[in-house]
Amino acid sequence: MASIKRSLDSDPLQASISSKVYVRSTKSGKVQKIVREVYLRQDIPCSSKLCRTCQKMAPTDSAGRPIPFVLSEAPAGTSVYPNGHYLVPDTNAFLSAMDLFEQSSAFYDVVVLQIVLEELRNRSLPLYNRLIGLTKSEDKRFYVFFNEFRLETYINRLEGESVNDRNDRAVRQAVAWYSEHLARTSAGKVPTVVMLSNDRENLKKAKKQGLAACSLAEYVRQLKDGEHLLDMIPETEDGDMIKEKKPNEFLYPEYFSMSKMMTGVKGGVLHQGTFNVSPYNYLEGSIRVPAFPKSLLILGRENINRAVDGDLVVVEVLPKDQWKEPSTQVIEEEAVTKDENPDTEEAGGLVTERERKALQEEVKRTHSKTTEGHAQPTAKVVGVIKRNWRQYVGHIDQTSVSQSAQQGRKQDTVFVIPMDKKIPKIRLRTRQVAELIGKRILVTIDAWDRGSRHPTGHFVRSLGELETKAAETEALLLEYDVQYRPFPKTVLDCLPKEGHDWKVPASMDDPGWRDREDLRHLGICSIDPIGCQDIDDALHARPLPSGNYEVGVHIADVSHFVRPNNAMDMEASIRGTTVYLVDKRIDMLPMLLGTDLCSLKPYVERYAFSVLWELTPDADIVNMRFTKSVIKSREAFSYEQAQLKVDDASQQDDLIKSIRVLMALSKKLKQKRMDAGALSLSSPEVKVQMESETSDPIDVKTKQHLDTMSLVEEFMLLANVSVARKIYEAFPQTALLRRHGAPPKTNFDELANQLRVKKGLELSVESSRALADSLDTCVDPKEPFFNTLIRIMATRCMMAAEYFCSGTQAYPEFRHYGLASEIYTHFTSPIRRYADLVAHRQLAAAIEYEAVHPSVRSRGRLEAVCKNINVRHRNAQLAGRASIAFYVGQALRGKATQEDGFIMKIFSNGFVVLVPRFGIESLVRLRDLAEPEPTAEYDAETYTLTTSGSREIKVELFQKVKVLVTDQKDETTGKRGVKMEFVKAY
Amino acid sequence: MPLDTSAYSLALLRVDGRRWNELRRVHAQIRTQAAADGSSYLEMGHTKVMCVVNGPSEPGPRRGTAGGGGGGGGPGGVAEVAVSVVVAGFSSVDRKRRGRGDKRTLELQTTISNALAASLHTHLYPHSTISISLHVLSQDGSLLAALINAATLACVDAGIPMTDYVVACTAGSTSTYAANDETADPLLDLNHQEEQELPSLTVATLGETDRVAVLVCESRVQASRLEGMLAVGVSGCHQVREILDQVVRDKGRHMIKEGTVEKGMGVEEMEVD
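Residues numbered from 1 in each chain as written. Chains lettered and ligands numbered in written order. Predicted model: local features only at pLDDT ≥ 70, side-chain atom pairs only at ≥ 80, totals over all residues. Heavy atoms only, no water.

Let us look at the overall build of chain A. The secondary structure content of chain A amounts to 28 helices and 37 strands. Taking all 986 residues of chain A together, 53% fall into the buried category. Considering only contacts within chain A whose residues lie at least 6 apart along the sequence, 67% involve residues at least 24 apart. Entry remark: accessible area of chain A is about 44100 Å², with carbon and sulfur atoms responsible for 50%. (Helix = DSSP H or I, 4+ residues; strand = E, 2+ residues; numbered from the N terminus. Buried < 20%, exposed > 50% of the residue type's maximum accessible area, 1.4 Å probe, protein only. Contact = heavy atoms within 4.5 Å. Areas by Shrake-Rupley, 256 points an atom, 1.4 Å probe, with all protein chains shown as cover.)

Below is the structure:
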C-alpha cells in the first residue's frame, strides 16, 4: 500500500522553498488565510558596480538583456562615512519623509528593500508610486533589492515576534548581508551600508549588531547642505509611528434615531436644515436654521459626520466656548489627503495628521485673538433626514491607482475626485481602472459607513476623454442635472401636423382666430442678441391722438401650441427652462416650436399674446389690456443694429421713430424704478468668441451694455409686473409669481465691515433703496471698476429670487427686492421658461379667453412646478457659467497674458483674484508665490496679508493687482484650469 | 500584502521569487492507490491534484443512450475516455461549492478527455470505457495543466498504450493587454495571482515533440506576444515531460528492486542498481 504522505526532508529543493502565510480580512468580515510560495535564490545581485561576482551572474530577461547595475562604485560620503555609503531606509523613513528622498542635492545610491516596498504599498499607494518613480529615474540610483527572495536575507518570523519586529529584523539582516557582501569585493574603498530609520528600538538593535545606522535627522545633519533639509523632516520623532489598527473601531459617531431627531427638532434642541460646504474649505460647512440669525458653522470631519453638500440634516449646536470664526484659510481636499490609500480600510484615526494640522492653525488663530463679536455658533451633525445624493461627474485620482490595476482587470479600489469641489472624494471599486484613467466618468454614492473615511460609490458610465468638448459639455449637463436627451416620440407627436409649413390660417373664421385681435397692421419689431433664433418678444409704439402713446409688448403665444398636460407639456415642465451653453442650447421645447412656429420671426404672421398700454409721455399708465393676437413683425434687430439706427439721425422711417419713442419711455420707466429703490447689481459677464468654422474658442470679450438692452428690459419688466397684477387679481390663491426676498442684514455684515475698514465707506442695508444709494456712493475715483466690484460682491450677499404660488405667502412677502416691485412674475419668455407658459395660461383664463385648466388652478401641482423650476433655473444659470468658464479656459490655452485683477477675498494662506477682462476668479495660494512657501502674517482686522521669507509682498482686500493668467493642466488630475500667478501689486 | 505582478520589471523577479522561465516545484507520484488500475498524485507549486484511472473496462449501464444495444465506448469502435473532475470545496481560499453541472468543470473535463483520447490508443479497446477521475485538492493556478499531467501519469500507471506523454503547462506575459508592452517577457507556469492579473494560456504537447495537443487561451493578449508565450509554454512542457518521465522511471526501478515486477523486455537498458 503506497502512501501519498512523504517526508519533506527528502526534497532537495527544500532549503530554498519557503512559503509566506498571511491572513487578510475581506470587506464582509471574512478572514482569509493566504498561502504563497516563496522561492529563495542566490542569484539576486547586489547591484553595486563594485561587485564582480554579482555582475557575472546578473539575471537576464527573455531577450538576454541583463538588468543594469545601479549603485555607483564611488558613492558620495558624509562626515561620518568618508568611504562613501549606500543608504538602506526602512518603511518609516519613506512614509515620513518621501520629499527628502526626492531631493536632488542628496540621497543617491539608495537600496530599497522589497519588504520596505511592500509595507509602503500597504500604507500609502501614492507614496509607493512616487518611490517606484524614483527607482525608474536613472540619476537617482535607487535599487530595489528583493531581500525576501534571497536565501541569505530571508528570515522566518520567530515565535511571539510581531510582524513589524520581524520586518525590522529583515531590514537589519539585509543591511548586514550587504555590508558583508561588499566587504568581500576587492575594492579599495568599501562603501558603508547605512540603515536609515526613525524607530529608536530598531536603531538600537542595529547598533548592537554592529551595523551602521542613524536616524533621518542625524543623517541629514551630516550632509553638507543639511540645515535646510532638516525642515523637511516631520517633527513627530517619538519612537515608532506605526499605530496598530484597532479592529471594529468606527470612525464617525452614530446618527440619532429618526424619532429622537424629530422630538429634538420639535423641542428646539436640534435644528434642521440643508448642509452647505464652503467652496474654499472642504472641512467647513454651514447650515442656515431659523433659530439663529447667522448660519451655523460645522467644522471638521467629525462634526460634519458624513453629511454631503445638499443633504437635509439635523444638527446640534455646540457649547458657546467652541464657537468659532469662519475659516480664513483655504483647505483643499486634494492637497491634504493626497497620500491616502483607497485600498486599506482606514488605518489610524478619523482625522489624519495632516488634517489635524490644517485645522490646528485655525484654532491657534482664533485663540490668539479676543474677537467676541466675530465668533459664529458652531454645530455638529447628528443625523441625516434625507440624502440629496445624485450622480456625480468626476475623474479618477491617478495617484490612488496601483500599478497592476492600471493594467489588469483585477478589481481595484480607487478614489474619484468629483468635479464639484464641495463633494468629498468617492471610493470606487472597479475592474476597469485602466480604461477609466483620463476619462470623465459618472459615479454615484452608494453609502457612507461609519467605518469608512470616504463615501463609497460605483461607476455608472464614462463620458469620454478629459478635456474633449463633448465629454466636458456632457459632464456639465449631468453635473447640473440638465435633461439633454432628444425629445421622445410622444412629445414630437404633440407638434402641429403641418410642421414647418404651419401658417396662421388665412380665414378669420378658423377656430385659431377665435377672440384674437388682428394686429398685423402695427409696426412691430423685435430686438434680441445677435443670432437669436427663439424670439420670444416683440414691441411696438405709436402716438395716439391724445398725445399719449400706445405701447405693445407681444409675446410668442406658446400656450396655443403646448396644451396643458399633454406629453410635450409634461416634458417642458420637467425641463423647466432652456439652457444656454457657449456652443449649445438645450431647448425646453422642440426646435420646430422654439425657433419657428412660436418664434416671432420677421415678415411672417405669428400668434402672439399682447399686452397693450396707453402711456403718457411721462410713462404713466393710463390704461392697459391683454389680448391674444396675430402679429407680423416688420424687422428683427440685434441690439447693436438697433442702437446704431437709433443713434443715426438720418434714419427717419416709422419703425425707427417708434423705437426712439420706446427708448425715451424706457428711460423714464427706469428712472421710476430706480427711485423706488431698484438695485442695479452686477456680475462679471463675458462672451466667448468662437471661430466660425471649427467652433474653437479664440477670444474672450466682456459684454457691453447698450441702451437698447435696457429698452427691451424695461418693457419686459413692465409687462411682467402688469401681468402679475392681473393674474393675482384673478387667482389670489394660485397665481404663479416670482419673489425676491430681502436679504438678512447679517449677510452684508462682512462686506460692510470690509468697506468700512478698507475704504471708510458705509453700506446701509435697511432697505433696497438705502442699499442702492449707498452702493452708488461706493466709488473709488481712481478706479472705475471698484464700484462694479462692490456690486458683484453685494450680489453674492443676496438671496436667490424664486417662483412661488401666491397662496403660499402673505402679500407683503411677494415683494421683489432687487426690482423694488410689489409683485412680479415671468411672462415674457414662454419659449425658454416654463413659468412663463403657466403665466400665459393663467392670463388667458383671467381675460376669459379660455376656460381655466385644472392644472393651473391646483395649488399642489403649482407648488411642485415652482419647486422644480426654481431648481432648474438655478442649475441652468450655473451650467451656463460653468460652460463659459470652460471655454474661457480653452480660449486661454497656450496663452499667457498679464491682466489687472482685484482681490475680492483674502485668506491667511492665499487670496482670490477677480480678473474682469475674463470674468474669472481664481485662488492664488501662498505656496504658489515662491518655493518654499513664504511665511505670512494675516491681519484679519484690516484684511491684510503680509508675507516674508522667500518672497515679500503685501496685499490687502480690494487691492488692484497684476496677475499672469495662464492655463495649466494639472498633471495628477488631468484637469485644465485657469491659473493665476501674482505679478505685482499696484 | 505582497507586491503584485507589476514589480517584475524592477528586478526581473516574479511575485514568488522565480525568474521568467522557471517552473514551480513539480512533485509527482504514481501508483498511489493500489486498488485502482492506475493512479497518480501531482503537485505543481501549491496546485495539488490526484487522479485515479479505471479501465479500460466494459461500460456500466448508461443512461440516456437511445437504442441500448451496441455496448458502450466512443464512436467508431474506440474506447471512450470519460473524465470527471471534482474540485474540493476546500481547495481554494474561499470555501466554495462547485456543483456537478458547473460549466467550468465541464469544460475542463471535455478538454482533458479530448486531449487524452488523441494520445491513448483507444482503437485497441472498442466498446469500452476508460474512466479518469480527477480530484483537485488545492488550487494555485495552472489547474488545467496539472490535471492533464496527473491524468497522463495515471494512464501510464494503468498501462494503457499511448503515443507519448501528454504534458501541459501554462505560459503568460509580464504585462497586460492594456499595457501593450512589446518588450514584455513571457512567463512560464503561472500561479494563481499571476493568472488573475496577467494574460495567460495553457498549452499541452505530445511528449518532446512540438505537436500541440491542447491550447487554451481565455485572456486578451496581442497576437505578437502570443508567439513568445507559446514558445515558452512548449519548452515548459518539455521540462515537465522530463520530470514526469523521471517519476515513472524511478517508480519502475523501485518496483523492480522490490520485486513487484520482473525485469522484462525493454527494461534492460534501464539501470537498476
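With that settled, consider the overall build of chain B. When you go through chain B residue by residue, the secondary structure sums to five helices and nine strands. Counting helices and strands in the order they occur from the N terminus, chain B gives α-β-β-β-β-α-β-α-β-β-α-β-β-α. Taken across its 273 residues, chain B has 54% of its residues classed as buried. Long-range contacts, defined here as pairs at least 24 residues apart, represent 68% of the contacts in chain B between residues at least 6 apart. Carbon and sulfur atoms make up 50% of the accessible area of chain B, which amounts to about 12100 Å² in all.

Here the focus is the sheet that holds strand E14 (residues 412–418) of chain A. Residue and element names in this part refer to chain A. The strand order around the closed barrel built from five strands is E13-E14-E15-E17-E16, with neighbouring strands paired in mixed fashion. Each strand axis lies, on average, 50 degrees off the axis of its neighbour in the sheet, ignoring direction. Taken strand by strand, helix H15 (residues 469–479) contacts strand E13 (391–396), strand E16 (439–447) and strand E17 (456–465), and its axis lies near 140 degrees from that of E17. (Pairing = 2+ DSSP bridges. Axes fitted to C-alpha atoms, helices over the stretch in contact; angles between N-to-C directions.)

Turning to the interface of chain A and chain B, a few remarks are in order. Chain A puts 47 residues into the contact, and the matching count from chain B is 42 residues. At the junction of chain A and chain B, the tally comes to two salt bridges. Where Glu22(B) meets Arg41(A), a salt bridge forms, and the shortest distance between an N and an O atom there is 2.6 Å. Our count for the chain A to chain B interface comes out at nine residue pairs in polar contact (both at pLDDT 80 or more). Counting residues per element, the ones that place at least two in the side of chain A that touches chain B are strand E1 (17–25), strand E2 (31–39), helix H3 (114–123), helix H4 (125–136) and helix H13 (403–407) of chain A. By residue number, the principal contributor to the side of chain A that touches chain B is E2(A), which donates eight residues. Of the residues assigned to the side of chain A that touches chain B, the class counts are 20 nonpolar, 12 polar and 15 charged. (Salt bridge = Lys/Arg side-chain N within 4 Å of Asp/Glu carboxyl O. Polar contact = N/O pair within 3.5 Å; in protein donor to acceptor, adjacent residues only side chain to side chain. Nonpolar A, V, L, I, M, F, W, Y, C, P; charged D, E, K, R; others polar.)

All names here are of chain B. Of the residues in chain B, 88% reach a pLDDT of 70 or more, and the chain-wide mean stands at 85. Between the elements of chain B, mean pLDDT differs from a low of 81, seen in helix H1 (residues 8–11), to a high of 95, seen in helix H3 (residues 143–158). Contacts from residues 63–71, a stretch scored under 50 in pLDDT, to residues over four places away or in other chains number one contact. (pLDDT = per-residue confidence, 0-100.)

Right, let's talk about the packing of aromatic side chains for a bit. Residues and elements named next belong to chain A. Counted under the stated rule, the structure contains 20 aromatic pairs over all chains. Ring geometry for Tyr143 against Phe145: centres 6.5 Å apart, planes inclined by 45 degrees, an arrangement best described as tilted. Here the two residues Tyr143 and Phe145 agree in accessibility, since each one is buried. An aromatic cluster is built from Phe94, Phe101, Phe107 and Tyr219, whose rings are joined through pairwise contacts. Of note, Lys425 hangs over the ring of Phe415, and the distance from its end group to the ring centre comes to 4.4 Å. (Phe/Tyr/Trp six-rings, centres within 6.5 Å; stacked < 30°, edge-to-face > 60°. Lys NZ or Arg CZ within 6 Å of the ring centre and 35° of its normal.)

Residue and element names in this part refer to chain A. Burial runs high along H15: nine of the 11 residues are buried. Within H15 the residues assigned to the buried category are Ala471, Glu472, Thr473, Glu474, Ala475, Leu476, Leu477, Leu478 and Glu479. Turning to H15, the residues buried within the fold contact E13, E16, E17, strand E23 (585–586) and helix H27 (859–891).

Let's shift gears to the sheet that holds strand E10 (residues 296–299) of chain A. Residue and element names in this part refer to chain A. One open sheet holds the five strands; their spatial order is E10-E9-E8-E11-E12, and the pairing between them is antiparallel. Looking along the sheet, the strands with just one partner apiece sit at the ends: E10 and strand E12 (379–386). Going from strand to strand, the sheet's axes swing by 40 degrees on average, the running direction of each strand aside. Bridge count between strand E8 (residues 270–277) and strand E9 (residues 284–287): three bridges; the pairing is antiparallel. When the sheet's bridge partners are listed, Asn276 is paired in E9 with Ser286.

Residue and element names in this part refer to chain A. Take Met799: it is sitting in the loop between helix H25 (785–797) and strand E29 (802–805). Taking the C-alpha atoms as reference points, Met799 and Ala742, separated by 57 residues in sequence, lie 7.1 Å from one another. For Met799, the contacting residues outside a window of four places in its chain are His740, Gly741, Ala742, Pro743 and Pro744.

For the coordinates displayed, the defined rule picks out nine cavities of 30 Å³ or more. Within this model, the largest cavity holds a volume of roughly 160 Å³. Every element with two or more residues in the lining of the largest cavity is listed here: E8 and helix H10 (300–304) of chain A. Across the lining of the largest cavity, the residue classes tally to 11 nonpolar, no polar and five charged. There are two domains that each give the lining of the largest cavity at least three residues, and those are domain 2 (258–386) and domain 3 (391–466) of chain A. In terms of lining, the second largest cavity is formed by 18 residues, of which the most central are Asp4(B), Thr5(B), Leu13(B), Arg14(B) and Val15(B). Partitioning the lining of the second largest cavity into residue classes produces 10 nonpolar, three polar and five charged. (1 Å grid on protein atoms, 1.4 Å probe; cavity = no way out; pocket = protein on both sides within 12 Å on 5 of 7 lines; lining within 4 Å. Points joined across faces, edges and corners; volume = space filled by probe spheres on them. Domains from an automatic or database assignment.)

All names here are of chain A. Mean pLDDT for chain A: 82, with 88% of residues reaching 70 or above. The model gives residues 236–248 a pLDDT under 50, and that stretch makes 18 contacts with residues more than four places away or in other chains. Note on residues 367–372: pLDDT under 50 across the span, and four contacts to partners over four residues away in sequence or across chains.

With that settled, consider helix H5 (residues 223–258) of chain B. If you check H5(B), its first and last C-alpha atoms are 52 Å apart, about what 36 residues at 1.5 Å a residue would give, namely 52 Å. Gly259(B) occupies a position one or two residues after H5(B) and carries a positive phi of about 85 degrees. (Expected span 1.5 Å × (residues − 1).)

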